[in-house]
Amino acid sequence: MKLLIRQGRLVDPVGGIGGVMDVLIEDGKVAVIGSDLRSPNASVIDARGLTVCAGLVDMHVHLREPGFEYKETIATGSRAAARGGFTSIAPMPNTRPVIDSPERVADLLHRADAACGVRIWPIGAVSVGQGGEVLTDAAALTGAGAVALSDDGVPVQNANLMRDALIRAKRQHITVLSHCEDADMVKNYAVNEGRVSRVLGLPGRPAIAEELMVARDAMLAEETGGAVHICHVSTARSVDIIRQFKARGVSITCETCPQYFTLTEDEILKQGSLARVNPPLRTSADVAAIREGLRDGTIDAIVTDHAPHSAEEKARPLADAPSGMVGMETSLAVTLTELYHTGIMDLSAILRKMTANPAYILRINKGRLSLGGDADFTIFDPNEAWTVDPEKFASKGRNTPFAGRKLYGKVKYTIVEGRILYQDGQEDE
Ligand SMILES: [Zn+2]
């Protein structure tokens, strides 16, 4: 089984291979990278005018299975990933049951076998049932295939538990991914605390609720030597804290999502529940600081926090609607539109945050081009314009604040281990 990707523009942030090249794939591995390759019996992808890069890695998604299959399944979420150019995704463990034992990790991987072939990397819970009281068995979870630990969705409130989790994760050479919000401060409030919450007469989630937890976890990482990764950074001061601890050599990394470098709290006034997300959309000063954090390298990864909900759930009033938005089918295009086409970052710097960096944080052997390595590729047109139509999503979730938006950058092929899982215009719908 051979596949030849011909004359694409290769972008390789790690190895620095660049320019128009051919890539020959054999038996699911990268066999040759070079010019004018010939392989008589290979299938050919004409990639002229297209960008070719290592397959995108999304280290923060919610697939909802088991337990909430009406929102999403591993099958529909995997197809959404493939449409978005993602070849590897890491689902958070806040399903029902929670992924908190080796048996549940194994069950998740077994279920993933029946999906389209996007590689699924389970994240195990920090605490049993995400209850925040009893630590899970990090060694057993890792042994079963978990690549990180997180109680995402339910912030770990108990500092001692987080401290112990970092110590145990360090022994397993894995990272703890932390959803940073102080539960007493944010309760179940729907929006950022500030101008918009005052306009609406609602209590809000203050920025300090995130920043206190970021500072706590950064200090715990420094003290324990364990690796902490801050999920979905949304405020200017969070970026500052992480920048300072990184400068001191602390083992801290972080991510943000397209919504946090694109949208402000004002979106709530226009889109209501569709713009409800945790942490909440913040101010324009925060958006500017997130962009600067991406540009200067403080923010390591761009993830989606893909969080599908049903139309009925998102139709509820703002105060009762669940938080979250889908993102896998728009992430690359929103990022290219907002960061590349604006000249803020070049393609290589952007792709590093969507490939090599998240793979490195999860310590998985993906996200970079290497001869003999897995042939995971994303091929896209960085300039093609399209308009977001949620009805065309493969995800069951249509809850995006980007509906109707014109974006630049379209995924053309998603290839996992030499198999084409998605090809633009070839959908079986
Ligand atoms: Zn979260």
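Residues numbered from 1 in each chain as written. Predicted model: local features only at pLDDT ≥ 70, side-chain atom pairs only at ≥ 80, totals over all residues. Heavy atoms only, no water.

Chemist: Sorry if this is basic, but what is going on with the pairing of strand E6 (residues 56-61) here?
Modeler: Side-chain direction in a regular strand flips from residue to residue, so the side chains alternate between the two faces of the sheet. Taking burial as the measure, the 6 residues of E6 include 6 buried ones, the bulk of the element. Bridge count between E6 and strand E7 (residues 86-91): 4 bridges; the pairing is parallel. By the bridge assignment for E7, valine 61 is matched with proline 91. Between the parallel pair E6 and E7, the chain is carried across by helix H1 (residues 74-83), and the sense of this crossover is right-handed. (Buried < 20%, exposed > 50% of the residue type's maximum accessible area, 1.4 Å probe, protein only. Helix = DSSP H or I, 4+ residues; strand = E, 2+ residues; numbered from the N terminus. Pairing = 2+ DSSP bridges. Right-handed = clockwise from strand over helix to strand, strands pointing away.)

Chemist: Got a minute to help me understand the nonpolar core in this structure?
Modeler: Among soluble globular proteins, nonpolar side chains are generally buried collectively. Counting 68 residues, the largest nonpolar core has Ile89, Ile230, Ile252, Leu294, Met328 and Leu332 as the members making the most contacts within it. Counting residues in hydrophobic clusters, the runner-up holds 36 residues, among them Leu177, Val196, Leu263 and Val388. (Core = buried A, V, L, I, M, F, W, Y, C linked by side-chain atoms within 4.5 Å.)

Chemist: Explanation requested: the coordination of the zinc ion in the structure shown.
Modeler: Under ideal tetrahedral coordination, the four donors around a metal are separated by 109.5 degrees; under ideal octahedral coordination, the six donors are separated by 90 or 180 degrees. Coordination sphere of the zinc ion, protein contribution only: Asp152 (OD), His179 (ND1) and His232 (NE2), at 1.9 to 2.3 Å. The buried category is assigned to histidine 232, whose relative accessible area is 1%. (Donors = N, O, S within 2.8 Å, 3.2 Å for Na, K, Ca; no water.)

Chemist: What is the right way to read the packing of helix H8 (residues 236-247) against helix H10 (residues 284-296) from this model?
Modeler: When two helices pack together, their arrangement is given by the angle between the helix axes and by the axis-to-axis distance. Viewed as axis vectors pointing N to C, H8 and H10 meet at an angle of 30°, and their least axial separation amounts to 8 Å. With respect to H10, the element H8 is oriented roughly parallel. Facing H8, whose interface residues are Ala236, Val239 and Arg243, H10 presents Ala285, Asp286, Ala289, Ile290, Glu292, Gly293 and Asp296. Split into classes, the residues belonging to the contact of H8 with H10 amount to 5 nonpolar, 1 polar and 4 charged. (Axes fitted to C-alpha atoms, helices over the stretch in contact; angles between N-to-C directions. Parallel < 35°, antiparallel > 145°, perpendicular 65-115°, else oblique. Contact = heavy atoms within 4.5 Å. Nonpolar A, V, L, I, M, F, W, Y, C, P; charged D, E, K, R; others polar.)

Chemist: How should the sheet that holds strand E15 (residues 252-256) be read in this particular structure?
Modeler: Sheets are built from strands paired through backbone hydrogen bonds, the pairs being either parallel or antiparallel. The strand order across the open sheet formed by 6 strands is E9-E10-E11-E14-E15-E16, and the pairing between neighbours is parallel. Single-partner strands in this sheet number two, and they are strand E9 (123-124) and strand E16 (301-302). Pairing geometry for strand E11 (residues 175-178) and strand E14 (residues 227-230), over 4 bridges, is parallel. The partner of leucine 177 across the bridge, within E14, is histidine 229. Sheet strands in contact with H8 are E14 and E15, and its direction is about 150° off that of E15.

Chemist: Teacher, can you tell me more about the sheet that holds strand E8 (residues 119-120) here?
Modeler: The strand order across the open sheet built from 3 strands is E6-E7-E8, with neighbouring strands paired in parallel fashion. In this open sheet, the two edge strands, each paired with only one partner strand, are E6 and E8.

Chemist: What's the story with the pairing of strand E3 (residues 29-34) in this structure? I'm lost.
Modeler: Relative to E3, strand E2 (residues 18-26) is paired through 5 bridges, and the arrangement is antiparallel. Following the sheet pairing, leucine 24 is matched in E3 by valine 32. Turn length for the E2-E3 hairpin, with the two strands adjacent in sequence and antiparallel, is 2 residues, and the turn residue aspartate 27 shows positive phi of about 50°.

Chemist: What am I meant to see in the confidence of the model for the chain here?
Modeler: Should pLDDT be low for a region, the predicted coordinates there are not to be read in detail. Residues at a pLDDT of 70 or more form 99% of the chain, whose mean pLDDT is 97. E2 is the least confidently modelled element of the chain, averaging 96 in pLDDT, while E16 averages 99, the highest of any element. (pLDDT = per-residue confidence, 0-100.)

Chemist: When you look at the side chain of threonine 51 in this model, what are you seeing that I'm missing?
Modeler: The topology assignment puts threonine 51 in strand E5 (residues 51-54). What makes threonine 51 buried here is its relative accessible area of 3%. Those residues within four positions of threonine 51 in sequence are excluded, and the remaining contacts are Arg9, Val11, Leu347, Thr378, Ile379, Phe380 and Pro382.

Chemist: Is there a simple way to explain helix H13 (residues 347-354) in this structure?
Modeler: At 3.6 residues per turn, the α-helix brings residues three or four places apart onto the same side. Looking only at H13, the buried set comprises Leu347, Ile350, Leu351, Lys353 and Met354. Buried positions in H13, seen along its axis, are confined to an arc of 155° and lie on one side of it. The residue sitting at the N-terminus of H13 and contributing the capping side-chain oxygen is aspartate 346; that oxygen lies 3.3 Å from the backbone nitrogen of serine 348. (Arc of directions from axis to C-beta. Polar contact = N/O pair within 3.5 Å; in protein donor to acceptor, adjacent residues only side chain to side chain.)

Chemist: Would you mind showing me how to read the pattern of salt bridges here?
Modeler: Pairing between side chains of opposite charge can happen when the charged atoms of each approach one another. Tallied over the full model, the rule gives 30 salt bridges. With its nearest N and O atoms 2.7 Å apart, the salt bridge here joins aspartate 107 to arginine 111. Of this pair, aspartate 107 and arginine 111 both sit in helix H2 (residues 102-112), 4 residues apart, roughly one helical turn. Between aspartate 296 and arginine 243 there is a salt bridge, with the nearest N and O atoms lying 2.9 Å from each other. A residue pair is termed long-range when its members are at least 10 positions apart, and aspartate 296 in helix H10 and arginine 243 in helix H8 qualify at 53 residues. (Salt bridge = Lys/Arg side-chain N within 4 Å of Asp/Glu carboxyl O.)

Chemist: I would appreciate a short explanation of the environment of alanine 307 in the present structure.
Modeler: Locating alanine 307 in the fold gives a position in the loop between E16 and helix H11 (311-314). The exposure class of alanine 307 is buried, given its relative accessible area of 5%. For the pair formed by alanine 307 and leucine 371, sequence separation is 64 residues and the distance between their alpha carbons is 35 Å. Residue contacts for alanine 307: discarding those within four places in its chain leaves His62, Arg64, Gly324, Met325, Val326 and Asn399.

Chemist: What exactly am I supposed to notice about the packing of aromatic side chains here?
Modeler: Aromatic ring pairs are described here by two measures, namely the spacing of the ring centres and the angle between the planes. Across all of its chains, the model carries 0 aromatic pairs by this definition. Taking NZ or CZ as reference, arginine 248 lies 4.4 Å from the ring centre of phenylalanine 245, over its face. Against the face of tryptophan 386 rests lysine 410, its NZ or CZ located 5.8 Å from the ring centre. (Phe/Tyr/Trp six-rings, centres within 6.5 Å; stacked < 30°, edge-to-face > 60°. Lys NZ or Arg CZ within 6 Å of the ring centre and 35° of its normal.)

Chemist: For this particular structure, what's the right way to read the packing of helix H4 (residues 159-171) against helix H7 (residues 207-224)?
Modeler: Put simply, H4 and H7 touch, their axes get as near as 10 Å, and they point 45° apart. Considering their axes alone, H4 and H7 lie oblique with respect to each other. When the axes of H4 and H7 are compared, the crossing they make is right-handed. Judged by residue contacts, Ala159, Met162, Arg163, Leu166, Ile167 and Lys170 of H4 engage Arg216, Asp217, Leu220, Ala221, Glu223 and Thr224 from H7. (Left-handed = near helix turned anticlockwise from the far one by under 90°.)

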